[in-house]
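# Remarks on the overall topology
These are the residues of each chain, in order.
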Amino acid sequence: MNKWLRLVSISLVIFLLGSVAVLAAPEKVKIGFLVKMPEELWFQNEWKFAQQAADEYGFELIKIGTPDGPTTLTAIDNLAAQGAQGFVICTPDPRLGPAIMSKANSYGMKVLAVDDQFVGPDGEFMDVHYMGISARKIGEMVGQSLYEEFLNRGWNVEDTAAMAITFDELDTVKQRTDGAADALIAEGFPADQIHRAAERTTDVPGAFEAASALLAKHQKVKHWLVFSVNDEGVLGALRALEQRGYAADDIVAIGIGAGDGLMEWNKQEETGYFACALISPVRHGYETSELMYKWIKDGIEPPKTIYTAGELVTRENYKERAKALGLDL
Ligand code: GLA
């Protein structure tokens, strides 16, 4: 073979090997994480722990706040354009489920719903992978603990009422307040002394507005037991009670969350925030992303539904318990 021919064939072989290497290079895993309320600490924590998973496993995490339908659907287009193979999502509205799934399917993307479960046109939950909290059980725990503390305080039942700041459009949060109310009644608290106020948004201003309206209607109550769909709901109610002049020791409020409520105890002043049903943004952020990564990379399908637990903490033990859950406060 002449010298030139040999050189050409060697270059060709190198070129071909190079191309094969390029073809065989594993595609970078990119995962979207879409949340309905990016300003809420719960969702910021989910993102934080999802990022930890991304750093550990070496995938790219694309975080997008999606407060409504149009931003959600556009975000999925964006993810596809960036080459993401799947996403974890807390939808702004469970009824967007079918639209989210048809878009995701058109791009061949995998979907894992977190926190809020998709609902189909028939009103039933959709058959889509989901991780949520054990809402009913956690609500019952809140109701039982409220009752226990009501007894501890030795309050007269005639002077005491319970306030529920509710948001019944969303199943996971309806189950929480229903569970708490049912447990209070089962313990013996009078059902007609549990007053419900629906909030327009599941945040502090939404709850403040709902609680203020409710308090205007029940001015004779001396002591309040307070529960809601999340910490924000309870904190909004507390601010409304404070504005009406209630002292911290006339209130027993129990939240559900992993952040805002706990911070209430870092403040110097007294607070009616008595306990928190601690839930895990580590599992909802880190674990969902990890499951999605393994699904994309190794074809390991996650369990269809995962329900995470809650644990009641008080001012005395919250630091230690939060640390045990991997939360740095
Ligand atoms: C819902 C609520 C959030 C948070 C999560 C936890 O999405 O709106 O505040 O409690 O559930 O799963």
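A short tour of the structure in this document, coming up.

What counts and how
Residues numbered from 1 in each chain as written. Predicted model: local features only at pLDDT ≥ 70, side-chain atom pairs only at ≥ 80, totals over all residues. Heavy atoms only, no water. Buried < 20%, exposed > 50% of the residue type's maximum accessible area, 1.4 Å probe, protein only. Helix = DSSP H or I, 4+ residues; strand = E, 2+ residues; numbered from the N terminus. Arc of directions from axis to C-beta. Contact = heavy atoms within 4.5 Å. Axes fitted to C-alpha atoms, helices over the stretch in contact; angles between N-to-C directions. Parallel < 35°, antiparallel > 145°, perpendicular 65-115°, else oblique. Left-handed = near helix turned anticlockwise from the far one by under 90°. Nonpolar A, V, L, I, M, F, W, Y, C, P; charged D, E, K, R; others polar. Pairing = 2+ DSSP bridges. Right-handed = clockwise from strand over helix to strand, strands pointing away. Near = heavy atom within 4 Å. Polar contact = N/O pair within 3.5 Å; in protein donor to acceptor, adjacent residues only side chain to side chain. 1 Å grid on protein atoms, 1.4 Å probe; cavity = no way out; pocket = protein on both sides within 12 Å on 5 of 7 lines; lining within 4 Å. Sits in = over half its atoms within 2 Å of the grid points.

## Points about helix α4 (residues 97-106)
The set of residues buried in α4 consists of Gly 97, Ile 100, Met 101 and Ala 104. In a view along the axis of α4, the buried residues occupy a sector of 95°, so they form one face of it. Buried positions along α4 lie against α3 (69-81), β3 (86-90) and β4 (110-114). Gly 108, located one to two residues past α4, shows a positive phi value of around 70°.

## Here we look at the packing of helix α7 (residues 204-217) against helix α8 (residues 231-243)
As a packed pair, α7 and α8 sit with axes 7 Å apart at the nearest point and diverge in direction by 45°. Relative to α8, the element α7 lies oblique. Like other packed secondary-structure pairs, α7 and α8 cross with a definite hand, here right-handed. Contacts between α7 and α8 involve Val 204, Ala 207, Phe 208, Ala 211, Ser 212 and Leu 215 from the first element and Glu 232, Gly 233, Leu 235, Gly 236, Ala 237, Arg 239, Ala 240, Leu 241 and Gln 243 from the second. Grouping the constituent residues of the contact of α7 with α8 by class yields 9 nonpolar, 4 polar and 2 charged.

## So, the pairing of strand β1 (residues 30-35)
Here β1 lies mainly inside the structure; 5 of its 6 residues are buried. The pairing of β1 with strand β2 (residues 60-65) spans 6 bridges and is parallel. Across the sheet, residue Leu 34 finds its bridge partner in β2, namely Ile 64. Viewed along the sheet, the connection from β1 through helix α2 (residues 41-57) into β2 turns out right-handed. Examined bridge by bridge, β1 and β3 share 5 bridges and lie parallel to one another.

## Some details on the site of the ligand
Residues in contact with the ligand, as listed here, are Lys 36, Glu 40, Trp 42, Phe 43, Asp 115, Asp 116, Ile 133, Arg 176, Asn 230, Ile 279 and His 284. Separating an oxygen atom of the ligand from a side-chain N or O atom of Glu 40 is a distance of 2.6 Å. With respect to the pocket detection grid, the ligand is positioned in the largest cavity. Along the lines of polarity and charge, the residues of the shell around the ligand split into 4 nonpolar, 2 polar and 5 charged.

## Brief notes about the packing of α2 against helix α10 (residues 281-298)
Contact geometry for α2 and α10: axes closest at 7 Å, N-to-C directions at 40°. As the angle between them shows, α2 and α10 are arranged oblique. The chirality of how α2 crosses α10 is right-handed. Contact residues: α2 offers Trp 42, Asn 45, Glu 46, Phe 49, Ala 50, Gln 52, Ala 53, Glu 56 and Tyr 57, while α10 offers Pro 281, Val 282, His 284, Gly 285, Tyr 286, Ser 289, Glu 290, Tyr 293 and Lys 294. For the contact of α2 with α10, a count of residues per class yields 9 nonpolar, 5 polar and 4 charged.

## Digging into the environment of Asp 55
Inspection of the secondary structure assignment puts Asp 55 in helix α2. The exposure class assigned to Asp 55 is exposed, which follows from its relative accessible area of 56%. Residues Asp 55 and Lys 319 lie 264 residues apart in sequence; the distance between their C-alpha atoms is 26 Å.

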